[in-house]
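Structure assessment
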2 protein chains.
Amino acid sequence: MDTKRLEEAANKKMTRRDALKLAGVGGIGLLLGAGGMKTFFPATSTAKQAPPAPSSVDGTIPFYGKHQSGITTPMQDFICMGAFDLTTTSIDDVRKLFQSWTSAAARLTEGKSVDDESENPHLPPVDTGESMGLGSMRMTITFGLGASFFDERFGLAGKRPAPLVDLPRFNSDEIRKEWSGGDIVVQVCANDPQVAFHALRNLARIARGKAVLHWLQDGFQRTSAADPSGSTPRNLMGFKDGSNNPQVSDAKVADEIVWAQTEDNPAWMAGGSYMVMRRIRMRIEVWDRSSLDDQESTFGRHRQSGAPLGKSGEFDELELDRKDSAGKPVIPATSHIALAHMEGKIKILRRGYSYSSGMDVKTGQLDAGLLFICFNRDPRKQFIPMQQKLASVDQLNEYITHVGSGLYACLPGANEGGYIGDKLF
Amino acid sequence: MDTKRLEEAANKKMTRRDALKLAGVGGIGLLLGAGGMKTFFPATSTAKQAPPAPSSVDGTIPFYGKHQSGITTPMQDFICMGAFDLTTTSIDDVRKLFQSWTSAAARLTEGKSVDDESENPHLPPVDTGESMGLGSMRMTITFGLGASFFDERFGLAGKRPAPLVDLPRFNSDEIRKEWSGGDIVVQVCANDPQVAFHALRNLARIARGKAVLHWLQDGFQRTSAADPSGSTPRNLMGFKDGSNNPQVSDAKVADEIVWAQTEDNPAWMAGGSYMVMRRIRMRIEVWDRSSLDDQESTFGRHRQSGAPLGKSGEFDELELDRKDSAGKPVIPATSHIALAHMEGKIKILRRGYSYSSGMDVKTGQLDAGLLFICFNRDPRKQFIPMQQKLASVDQLNEYITHVGSGLYACLPGANEGGYIGDKLF
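Residues numbered from 1 in each chain as written. Chains lettered and ligands numbered in written order. Predicted model: local features only at pLDDT ≥ 70, side-chain atom pairs only at ≥ 80, totals over all residues. Heavy atoms only, no water.

Looking at the overall build of chain A
Looking only at helices and strands, chain A has nine helices and nine strands in total. Evaluated residue by residue, chain A yields a buried proportion of 60% over its 425 residues. When contacts within chain A are restricted to residue pairs at least 6 apart in sequence, long-range pairs at least 24 apart make up 78% of them. Just so you have it, chain A exposes about 16,400 Å², and 51% of that area is on carbon and sulfur atoms. (Helix = DSSP H or I, 4+ residues; strand = E, 2+ residues; numbered from the N terminus. Buried < 20%, exposed > 50% of the residue type's maximum accessible area, 1.4 Å probe, protein only. Contact = heavy atoms within 4.5 Å. Areas by Shrake-Rupley, 256 points an atom, 1.4 Å probe, with all protein chains shown as cover.)

Digging into the UniProt feature "domain: Dyp-type peroxidase N-terminal" (unreviewed entry) in chain A
Taken from the UniProt record, the annotation "domain: Dyp-type peroxidase N-terminal" (unreviewed entry) applies to residues 68–221 of chain A. As annotated, residues 68–221 of chain A has a helix share of 21% and a strand share of 21%, and its two end C-alpha atoms lie 22 Å apart. (UniProt positions renumbered as here; feature names shortened; annotations may be inferred.)

Considering the pairing of strand 4 (residues 211–220) of chain A
Residue and element names in this part refer to chain A. Counted residue by residue, strand 4 has seven buried out of ten residues, so it is predominantly covered. By the bridge criterion, nine bridges tie strand 1 (residues 78–86) to strand 4 in an arrangement that is antiparallel. Bridge assignment links Phe 78 to a residue of strand 4, and that residue is Phe 220. (Pairing = 2+ DSSP bridges.)

Regarding the nonpolar core
Judged by nonpolar contacts, the single largest core of 169 residues is most densely connected at Phe98(A), Ile141(A), Phe143(A), Phe98(B), Ile141(B) and Phe143(B). Those residues in contact with Phe98(B) that sit more than four places away from it in its chain are Phe143(B), Leu145(B), Ile184(B), Leu411(B), Tyr419(B), Ile420(B) and Phe425(B). Residues Ile71(B), Trp215(B), Ala254(B) and Val258(B) belong to the second largest nonpolar core, which totals 23 residues. (Core = buried A, V, L, I, M, F, W, Y, C linked by side-chain atoms within 4.5 Å.)

Quick look at the relation of the copies chain B and chain A
In the superposition of chain B on chain A (RMSD 0.0 Å, axial shift 0.0 Å), the rotation amounts to 180 degrees. The relationship between the two copies is best expressed as a two-fold rotation axis. If distances are taken from each C-alpha of chain B to the rotation axis, the shortest is found for Ser357(B), at 3.4 Å. Both copies share a contact surface, since 100% of the interface residues of chain B are interface residues in chain A too. (Least-squares fit on C-alpha atoms with pLDDT ≥ 70 in both.)

So, the environment of Asn235(A)
Considering the arrangement of structural elements, one finds Asn235(A) in the loop between strand 4 and helix 5 (251–257). According to the relative accessible area criterion, Asn235(A) is buried, its value standing at 4%. When the C-alpha atoms of Asn235(A) and Ser405(A) are compared, they prove to be 19 Å apart, with 170 residues separating the residues in sequence. Setting aside anything within four residues of it in sequence, one finds Asn235(A) in contact with Asp241(A), Met282(A), Phe299(A), Ser354(A), Glu130(B) and Gln194(B).

What to know about the UniProt feature "domain: Dyp-type peroxidase C-terminal" (unreviewed entry) in chain A
As recorded in UniProt, the sites labelled "domain: Dyp-type peroxidase C-terminal" (unreviewed entry) are residues 232–414 of chain A. Taken end to end, residues 232–414 of chain A has its terminal C-alpha atoms 31 Å apart, with 20% of it in helix and 23% in strand.

Observations concerning the packing of helix 3 (residues 91–109) of chain A against helix 4 (residues 193–206) of chain A
Residues and elements named next belong to chain A. Where helix 3 meets helix 4, the closest approach of the two axes is 10 Å, and the angle between their N-to-C directions is 155 degrees. Here helix 3 is positioned roughly antiparallel relative to helix 4, judged by the angle of their axes. For the crossing formed where helix 3 meets helix 4, the hand is right-handed. Packed against helix 3, whose contacting residues are Leu 97, Ser 100, Trp 101, Ala 104 and Leu 108, the element helix 4 presents His 198, Ala 199, Leu 203 and Ile 206 at the interface. Residues that form the contact of helix 3 with helix 4 fall into these classes: seven nonpolar, two polar and no charged. (Axes fitted to C-alpha atoms, helices over the stretch in contact; angles between N-to-C directions. Parallel < 35°, antiparallel > 145°, perpendicular 65-115°, else oblique. Left-handed = near helix turned anticlockwise from the far one by under 90°. Nonpolar A, V, L, I, M, F, W, Y, C, P; charged D, E, K, R; others polar.)

Laid out in structure tokens, this is it:
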């Protein structure tokens, strides 16, 4: 595309976007469709299932409610996530921590400072201040408990929910402790990295004397501003990631896939969800030397459109039994989507981010990849069997290594006046 | 501020912003002023010198020109920066590398793929693809040469410009090789982190066989969307950073402070600039335990308004000789702004970003801080004396450590048809 055509496209886009804005139309993504005019490659896909309409970049997502936010909430652009280890051995301290965290998190997600206390210049500031003047940026804060939370320290061993298992070692795992586990996880997502960092840092500050950070990880997607059409983001391998995500805006689907149900869980966990975190390092340099054919057969999708191989639209149905003229499957059986499909019987809600963490000094290679995060109602029946299958035969394994891991029981939401975990402690 | 007042303010803001947009007014920052309605603290400052008007989040900044872009360009929201070491010893290879980089960089800053070659499915993709469909996001790509570029390998030792000195060791430096130096630096800034990463990665890919990455660093500021008023961003200490930056939109000021002049430089460097990079780790946890009074006297500014101590407006004049009733200077002589002021005689153009890089496994502390970047026409007369003064007595030293360092000669711009460095090679 030459400069002139690009300029024309840009002007056209501005006009349409402005027109939509003036008309008060929210669902820009639906109207512009998958063939957004910003692509530098011509669009070929004809969407059967439209991507979710993008919401405003700024705005407040309610913190209190039946479920915690940040799970079925449409993805924000940035994540700042921390795992904490408790240094206290008093359950009373833990209760106080969650009470303080709850009221701070509710304020922070509204774009307020961490506390409304007035400043005493002779004391450390109440709030660390780096998000002063910034919006709430659709921030969500989600709390989860690791298996170690239920060890002997707090007398809660009997309350450990059955689905909160110890994850098995998967084939080719190279898990490092510094990126794994933790008694408590706090996932902060927002449409601004400074707003997200500010929240996690202030929660860490509140925890002083009771808990310390075990790890902290940052991630990003393209910003909403870079892709106002709200199409499926691409991972650092250049492929769309999340096309097949279940439509959890449908409460029935969310109950089936995401929300912990009473039959498998203690009462305090009903309405919660299990979060899996996997830090997946990509062998970027190796991937970048593989052919487009290899890349597409590895994923089982066309790179540009995101369509399953042999199809033209990103959301076209997977037909895994389709054969080419030579009788070979059009979508290789060991491709990522063929395996992750799990005969259509097992689904998870993916909510991952890319990460870039400089260079690995030992190897001289980029330390970048995917901060894979998913939610499921029972990892024993969803994530674990899926990952066992992927880890054993997925073509993608040639290009990735899992270096961090965690499984956390994300508590149900709290009502205003209550606090996260009030049914447990 | 209670929820209702916050909502009212938000509604008010939307109305004013929309009204301004409809009226076609660009300088929102000028109109909303420093007392933006999104602050969770009431605004107190009355700006004497208005902050620069924010520009559109997306858009294209011309790559070709007298000077490289990304120097006096208004700051974007993200940086992805890499240093390369040459593995070739052929000056011809170096020339070819800069030719390829120039044409790729020009395309990338227009939001195009790295090359217009058509894809051969049997070969690796021409472009790694993760920015497909995204805008150009005001991306700039800026190339610089380190002192090591002028060693014996390419016969260019005689062309090393005098201002490209080896930086001295400053007091309390703890410089690590993995964050320092490099034969060539490439600074990519954009309003989207994925767009910036994509550019640097593809430039690294083009360099294969000629140069390898020595380090890669990412940084962020608040996104433009989080602060549409375009006020001075805050660093991770919660203070406004860059209030005193020179107004380089004035060509005379830029010539005086930023652009290398012929009297001190070889002809090939005229119109270039010297970039200093310092990776400055903040002792976040220590800072967070110090009192507001200590913090403000460390910077010499009020935290909330950004005003010099004793003043009310961020851009109010520094009066370093002002004394309080007890005869003590209102702005401590060892505060950061008092020292960096350098009697008003020495100025640099700061263009820094915050970084967050997880935890330091050795200390269990946050690895976060400032990716300090500045441009100056002669570091011997600007950055070095300023940093010598700061490193010896600045109160801030209690809370920071310089762990990475680099000085680079950023070449002048190229004309269309030419390439970056064409006057040197």
